[in-house]
Amino acid sequence: MAYEGRISEATDTYPTRIKTTPTANDEKSFDGKDEKSYYAHVDVEASSAEPDDSSGVVLHDEREIATHVISVDDDPSLNPWTFRSFFIGLGLSAFGGSLAEIYYFKPQTVFVSLMFLAIISYVIGFAMETFIPRYGLLRYLNPHPFNKKENAFIIIMASAAANSALATEVLAVQRLYYNITPNAASSIFLLFSSQLLGYGIGGVMRSTLLYPSKMLYPGVLPLLSMFDAFFRDGAAARRKLKVFYMVFGAIFIWELFPEWIFPLITGFSIICLAAPNNAAVSRVFGGSNGDEGLGLLSLCFDWQYISGGINPMTIPLKAQFSSFIGYILCMIVFVGVFYNNIWKAQNFPFLSQLLFYENGTVYNQSLILNANYEVDPTLLAEQGLPYYASTWVVYLLSTNLGLAATFTHLLLWNRDDLRGAWEWMSPSNIRKKWQDFSWQDVNWKFWQNDDMREQPQNTEDLDPHYVQMLKYPDAPDSWYYVVFVLSLVVALVVIYKSNSTLPWWGFVIAVVLAIVSILFFGALFAITGIALSIQTFVQMIAGYLHPGKPMANMYFVLYSYNTVAQALLLLRDLKIAQYAKLPPRAAFTAQIVGTLVGAVLNYFLMNSIIDNQRDILLSVQGTNIWSGQQPQQYNSQAIAWGGLGHELFSVGMRYQWVPWSYLVGLFAPVPFWLVHRYWPKLRADYYYTPIICAYIGWLCVGINSSILSYFVIAFLSQWWIRTRYPRWFQKYNYLVGAALDGGTQVMVFILSFAVQGAAGTAHLFPAWWGANQNGNYDHCMYLE
């Protein structure tokens, strides 16, 4: 359950207002007829009654949300460039990067979340402000009251470091399974290039994917709402801070129950309690444990799982509605595929990501590899082709459908929002720039530029937060181009020095795929808050380009999928900077420093762990302290896709519809667009077809008992409260979401070490009816 261009005018996420000047490419205006224009913009979300507070304004579009929920004001005197900022930022970067890498090799994964970092950095900063005197050398640790821009600087630096870089997975697999140990310089430069390549690409797309109001990044709104409560003065801010602390404290204590004492309420299912020995009930209604079932009608009271991937109080209703449709279709398709025994579904577990023999036993991939760890056709013939669980095949199909639909959907509905990304390539623009170019105008001493952007006279069409940022020197596109070019050159050298088996042309294809994907999937993520992963798609492409070469597959994924993920991370953090009014150069510095610090720590910790725990990491079982399950899984995926792609997914093969689904996905949005063009009353413009398609495979893995609770809270927040109680929504919706996330993540972090085995030994709560430690927590039948 991951360019240059013009500033486009914010269009409505919520279709509520009639536009007076429709354009030819407007997503809801096609022929200018009054009737169609009216019906295309009628408010399907509006309240059927007057809001309880007549002074409250129902928020409809991205601009209104961004300007009413969080403060637009800026105080240029606030200084983020303090020794304290670097001290806390580097400390949390070291903490987050080290912890992420250590837990990559643990049986239990612990993540250092953005909200956790925000709260910890605020506590440390406030403590330094309170207890450190402001005289002598100590004044550098406490130069002035801790401010919002310092906090934003620290969070951006620490979040860039607080993950296990995908390159360390590649290096770990090489050392563990291929007995290849690239030298330290090659390894570190591999980490640098793979982590920064996406930054360079994402940075030059800022004008399209960052500056406009349309690019809301709803997932960061709780964080900024929390900032306003922490750092603004006045009675209203004190009331908000009081609400934050109350909700934070309540959820902090509450999480003890579902996480440890009473795990039954992670997935409370009356149907499971009524039929605890029924396998079909377990598959459809169970869901409190990993890969148990679909969790239909289960109620979850554990905020960790309700908000585990996406906070339901932040995502716009339009995106929530599309994901709900996909969720319903997912259950129907999964049950239909399994009980109709499609792809021999009933031979295998209902939900699983492993490879199997036809009889249902787990496939031993090591038996089909030769001494060079490449697939041997003779050995493959002896073992036979592996099978996937059928629900996993549906996930692969739906992922390809969603990825392909993203391109068509955005070109049909959001073409104007993205146009700036390719307008510069038009022959007329290139010819004009060439005619206007003069060598005399080139400032070769570019480091002397102040990079102050022009203040436009008319700022009505610009994002108000962006307008406030124009007073600061920019981190210009040239900085991001340098990052991109350096990363590109270093990567080309490294892939040959590290025995990657990936040729230069394969690397170029990977980067081109990443560039195109960043534009489209970055836009989808920015508008809806939902990110689609391209990992399985690029694994499939790499399998066709480099058959029988699992290591080449890993490197291809590293420079395509990871590049997209890093670009989205950069853009998300730059949006935090824009909302917090953190100067662009400070944000750039924080991201680069955090990324480099995290990469170096990742590398040295990975080597240390492999040197000391190699035998354990290579074992299937592992121990309760160390486990090689993640490098094992990554290697297995590379073998399956890189070594068996042709045999499993080519035309006429068992899973041929997985690649064919990409072609189908390209056409999926077209019927909706045509329906809205000719029958606007049907409101077909309200659906995000990429999200609907992708969510058809949503429930293929993990704990699914939280999904119903997720949608109940989502609709209560984004529809009921937003339209019935707009003043409360503006003041508290995102703040409460931040408090729920923050309190939960702090408690989960503590429990991970105290009782859940992150420190080595798990201390489960004594078994009782509400804590079924020998089976599924919801008392559904446990299926082997």
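The coordinates are above.
Computed from a predicted structure; not experimentally measured. (Residues numbered from 1 in each chain as written. Predicted model: local features only at pLDDT ≥ 70, side-chain atom pairs only at ≥ 80, totals over all residues. Heavy atoms only, no water.)

Draft legend 1. Spotlight on the state of the cysteines. Going through the model one piece at a time under the given rule, you end up with one disulfide. The structure places no disulfide on Cys-330, whose sulfur is separated from the nearest cysteine sulfur, that of Cys-700, by 7.7 Å. Judged by relative accessible area, which is 2%, Cys-700 ranks as buried. (Disulfide = S-S within 2.5 Å. Buried < 20%, exposed > 50% of the residue type's maximum accessible area, 1.4 Å probe, protein only.)

Draft legend 2. A look at the nonpolar core. Core analysis: the largest hydrophobic core is formed by 210 residues, its most contacted members being Leu-223, Tyr-388 and Tyr-559. Of all the elements, helix H25 (residues 550-580) adds the most residues to this core, at 20 residues. Setting aside chain neighbours within four positions, we find Leu-223 in contact with Leu-114, Met-115, Ala-118, Ile-155 and Ile-576. By size, the runner-up hydrophobic cluster in this structure holds five residues, among which are Cys-272, Val-281, Val-284 and Phe-285. (Core = buried A, V, L, I, M, F, W, Y, C linked by side-chain atoms within 4.5 Å. Helix = DSSP H or I, 4+ residues; strand = E, 2+ residues; numbered from the N terminus. Contact = heavy atoms within 4.5 Å.)

Draft legend 3. Helix H28 (residues 657-667), seen in detail. Burial in H28 covers these residues: Val-658, Ser-661, Tyr-662 and Gly-665. Buried residues along H28 cover an arc of 110° about the axis, so they all sit on one side. Away from its buried face, by an angle of more than 90 degrees, H28 presents the exposed residues Trp-657 and Phe-667. Of the surrounding secondary structure, the elements contacted by the buried residues of H28 are helix H17 (390-413), helix H24 (535-545), helix H27 (629-649) and helix H29 (669-678). (Arc of directions from axis to C-beta.)

Draft legend 4. Representation of the side chain of Thr-528 in the model. Within the secondary structure, Thr-528 is located in helix H23 (residues 504-528). Exposure remark for Thr-528: the relative accessible area of 0% places this residue in the buried category. From its side chain, Thr-528 meets the backbone oxygen of Leu-524 in a polar contact 2.7 Å long. Contacts of Thr-528, omitting those with residues within four sequence positions, involve Pro-218, Ile-315, Pro-316, Ala-319, Tyr-688 and Ile-691. (Polar contact = N/O pair within 3.5 Å; in protein donor to acceptor, adjacent residues only side chain to side chain.)

Draft legend 5. Local environment of the packing of H17 against H28. Where H17 meets H28, the closest approach of the two axes is 7 Å, and the angle between their N-to-C directions is 30°. In terms of orientation, H17 and H28 fall into the roughly parallel class. The two elements H17 and H28 cross, and the hand of that crossing is right-handed. Contact with H17, carried on its side by Val-393, Leu-396, Leu-397, Asn-400, Leu-401, Leu-403, Ala-404, Ala-405, Phe-407 and Thr-408, involves Trp-657, Val-658, Pro-659, Ser-661, Tyr-662, Val-664, Gly-665 and Leu-666 of H28 and no other residues of that element. (Axes fitted to C-alpha atoms, helices over the stretch in contact; angles between N-to-C directions. Parallel < 35°, antiparallel > 145°, perpendicular 65-115°, else oblique. Left-handed = near helix turned anticlockwise from the far one by under 90°.)

Draft legend 6. Quick peek at a nonpolar patch on the surface. On the surface, Tyr-496, Trp-504, Trp-505, Val-508, Ile-509, Val-512 and Val-516 cluster together to form a nonpolar patch covering roughly 640 Å² of accessible area. No other element matches the six residues that H23 contributes to the nonpolar patch. For Val-508, the position within the fold is in helix H23. What makes Val-508 partly exposed here is its relative accessible area of 38%. (Patch = residues over 30% accessible without salt bridge, like charges linked within 9 Å, V, L, I, M, F, W, Y side chains within 5 Å. Areas by Shrake-Rupley, 256 points an atom, 1.4 Å probe, with all protein chains shown as cover. Salt bridge = Lys/Arg side-chain N within 4 Å of Asp/Glu carboxyl O.)

Draft legend 7. Local environment of the packing of helix H7 (residues 184-204) against H25. Where H7 meets H25, the axes come as close as 7 Å, and the angle between the chain directions of the two elements is 50°. Judged by the inter-axis angle, H7 sits oblique to H25. Every pair of crossing elements has a handedness; the one defined by H7 and H25 is right-handed. Across the interface between the two elements, Leu-190, Ser-193, Ser-194, Gln-195, Leu-197, Gly-198, Tyr-199, Ile-201, Gly-202 and Gly-203 from H7 touch Tyr-555, Leu-558, Tyr-559, Asn-562, Thr-563, Gln-566, Ala-567, Leu-569, Leu-570 and Leu-571 from H25. Residues of the contact of H7 with H25, tallied by class, amount to 11 nonpolar, nine polar and no charged. (Nonpolar A, V, L, I, M, F, W, Y, C, P; charged D, E, K, R; others polar.)

Draft legend 8. The arrangement of the pattern of salt bridges in detail. By the definition in use, this model includes 13 salt bridges. The residue Asp-228 makes a salt bridge to Lys-148 at a minimum N-O spacing of 3.8 Å. With Asp-228 in helix H9 (residues 221-231) and Lys-148 in helix H5 (residues 148-161), this pair connects stretches of sequence that are 80 residues apart. Taken as a pair, Asp-228 and Lys-148 share a single burial class, namely buried. The structure contains a network of salt bridges with shared partners spanning Asp-74, Lys-149 and Lys-471.

Draft legend 9. Highlighting H5. Helix length check: H5, at 14 residues, gives a terminal C-alpha distance of 20 Å against a target of 20 Å (1.5 Å per residue), a fit within 8%. H5 sits mainly inside the fold: 14 of its 14 residues count as buried. Looking at where H5 begins, the residue whose side-chain oxygen comes 3.0 Å from the main-chain nitrogen of Lys-149 is Asn-147. (Expected span 1.5 Å × (residues − 1).)

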